[in-house]
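Close look at the chain arrangement
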Amino acid sequence: MLEDFHAQPARDRVIVALDCDAATALCLAVQLRGHAKWLKVGMTLYYAEGPKIVRTFKQLGFNVFLDLKFHDIPHQVEGAAASAVLSGADMLTMHAVGGSAMMAAGHRGAEAAAFERKVPVPATLAITVLTSMDAESLAATGVSRALPEQVSALAVQAREAGLSGIVCSPQEASSMRELLGPDAFIVTPGVRPAGSAKGDQSRVATPAQAFENGASHIVVGRPITQAEDPVAAFEAIAAELA
């Protein structure tokens, strides 16, 4: 397993989301080297560049959160998770609504690949309810439970499947910390410094609020990557957390 996150300062648990083209992502990575510890590679970047972008960021010294949100039959997710770890991912995601068997298979694939590479098993995370969704949009998908209840139910399934933790909004982080205990990874997107635009996020909080609510790691994208000075924007968040 990855090193204990409790021992890491909050600034080292800010994950910068590089949801952009490869040239921009590489420029940002070079600028943020020595400041940020984690980068997030999502679908936009990964589908354009493939595993090589993960290897590139690893060579630059970053930890990589590969956020591809696997959701398929267990056999496919097991193989996808193994491939992600073989590329160098330190953290990966899968949709909890894929079910317990799928999540268990994903974790099994990650463990097998980590054993093959002789590296720590990465953090395996279940996506609960996307931070872009609110109660109305969740209900429109046919889910009859209230949004917080849906997050809790999926978090319990993820824990029972053996995953390291979950992804949820900062607004659910406190209840999820109480539910999952002190050692669970609770990664929260939807984090916006005070005064930043919400963009397409619905359930948001500031960086300090997210950590106070129980997040182990926070994900911040556009407030850093689209800033005039991305390093200054990152350091402003780090100073708030200090």
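Located above this text is the structure these notes cover.
My aim in this report is to walk through the structure given alongside it, one point at a time. The structure displayed is predicted, hence computed values, not measured ones.

Rules used in this analysis
- Residues numbered from 1 in each chain as written.
- Predicted model: local features only at pLDDT ≥ 70, side-chain atom pairs only at ≥ 80, totals over all residues.
- Heavy atoms only, no water.
- Helix = DSSP H or I, 4+ residues; strand = E, 2+ residues; numbered from the N terminus.
- Rg over C-alpha atoms; globule rule 2.2 N^0.38 Å.
- Buried < 20%, exposed > 50% of the residue type's maximum accessible area, 1.4 Å probe, protein only.
- Contact = heavy atoms within 4.5 Å.
- Areas by Shrake-Rupley, 256 points an atom, 1.4 Å probe, with all protein chains shown as cover.
- Pairing = 2+ DSSP bridges.
- Axes fitted to C-alpha atoms, helices over the stretch in contact; angles between N-to-C directions.
- Left-handed = near helix turned anticlockwise from the far one by under 90°.
- Nonpolar A, V, L, I, M, F, W, Y, C, P; charged D, E, K, R; others polar.
- Salt bridge = Lys/Arg side-chain N within 4 Å of Asp/Glu carboxyl O.
- Right-handed = clockwise from strand over helix to strand, strands pointing away.
- Phe/Tyr/Trp six-rings, centres within 6.5 Å; stacked < 30°, edge-to-face > 60°.
- Core = buried A, V, L, I, M, F, W, Y, C linked by side-chain atoms within 4.5 Å.

**Some remarks on the overall build of the chain**
The number of helices and strands found in the chain is 11 helices and 8 strands. Compactness check: the chain gives a C-alpha radius of gyration of 17 Å against a globular reference of 18 Å for 242 residues, within 12% of the reference. For the chain, the spread of C-alpha atoms along the three principal axes comes to 45 × 40 × 35 Å. The buried share of the chain, reckoned over its 242 residues, is 55%. Intrachain contacts of the chain at a sequence separation of at least 6 include 69% that bridge at least 24 residues. Only carbon and sulfur atoms are counted for the fraction: they give 53% of the accessible area of the chain, which is about 10400 Å².

**As for the sheet that holds strand S3 (residues 63-70)**
Read around the closed barrel, the 8 strands follow the order S1-S2-S3-S4-S5-S6-S7-S8; overall the barrel is parallel. The mean inter-strand angle of the sheet, taken between neighbouring strand axes irrespective of direction, is 25°. Note that S3 and strand S4 (residues 91-95) share 3 bridges and pair parallel. Its bridge partner lying in S4, phenylalanine 65 is registered against methionine 91. Packing of helix H5 (residues 100-117) onto the sheet brings it into contact with S3, S4 and strand S5 (123-127), and relative to S4 it is tilted by some 160°.

**Quick word on unusual backbone geometry**
A positive phi angle is found at lysine 69, which is not glycine, with a value near 50°. Following the sequence through the fold, lysine 69 ends up in strand S3. A relative accessible area of 22% places lysine 69 in the partly exposed class.

**Considering the packing of helix H7 (residues 147-160) against helix H8 (residues 170-180)**
Two elements in contact, H7 and H8, have axes separated by 11 Å at closest approach and are oriented at 35°. Here H7 runs over H8; the crossing is right-handed. Every residue of H8 that contacts H7 at Leu147, Val151, Ser152, Ala155, Val156 and Arg159 is listed here: Glu172, Met176, Leu179 and Leu180. Classifying every residue of the contact of H7 with H8 by side-chain character gives 7 nonpolar, 1 polar and 2 charged.

**Some points on the pattern of salt bridges**
What the rule picks out here adds up to 7 salt bridges. Of the charged contacts, one joins arginine 11 and glutamate 235 as a salt bridge, the two residues approaching to 2.8 Å between their closest N and O atoms. Of this pair, arginine 11 sits in the segment before strand S1 (14-17) while glutamate 235 sits in helix H11 (residues 230-241); the two residues are 224 residues apart in sequence, bridging distant segments of the chain. By relative accessible area, which is 26% here, arginine 11 ends up partly exposed. Close ionic contact of glutamate 78 with arginine 108 constitutes a salt bridge, the shortest N to O distance being 3.3 Å. One end of the pair, glutamate 78, is in helix H4 (residues 74-87); the other, arginine 108, is in helix H5, with 30 residues separating them in the sequence. It is possible to trace a salt-bridge network through shared partners that takes in Asp19, Lys40, Asp67 and Lys69.

**Notes on the pairing of S5**
Among the 5 residues in S5, 5 count as buried, and that is most of the element. Of the two faces of S5, the one holding Ala123, Leu125 and Ile127 and the one holding Thr124 and Ala126 are both buried throughout. Relative to S5, S4 runs parallel, the two sharing 5 bridges. Bridging across to S5, methionine 91 finds its partner in alanine 123. In the classification by handedness, the crossover that spans S4, the intervening H5 and the parallel S5 is right-handed. Of the strand pairs in this sheet, S5 and strand S6 (residues 165-167) are connected by 3 bridges, and their pairing is parallel. Opposite leucine 125, over in S6, you have glycine 165 as the bridge partner.

**Observations regarding the packing of aromatic side chains**
Going through the model one piece at a time under the given rule, you end up with 1 aromatic pair. Ring geometry for phenylalanine 5 and phenylalanine 185: centres 5.1 Å apart, planes at 65°, overall edge-to-face. Taken together, the positions of phenylalanine 5 in the segment before S1 and phenylalanine 185 in strand S7 (residues 185-188) put the pair 180 residues apart, joining distant regions of the chain. Each member of the pair, phenylalanine 5 as well as phenylalanine 185, is classed as buried.

**A look at the nonpolar core**
Of all hydrophobic cores here, the largest spans 71 residues; its most connected members are Leu18, Phe57, Met103 and Ile166. Grouped together as the second largest cluster of nonpolar side chains are 14 residues, Leu2, Ala17, Phe65 and Met91 included.

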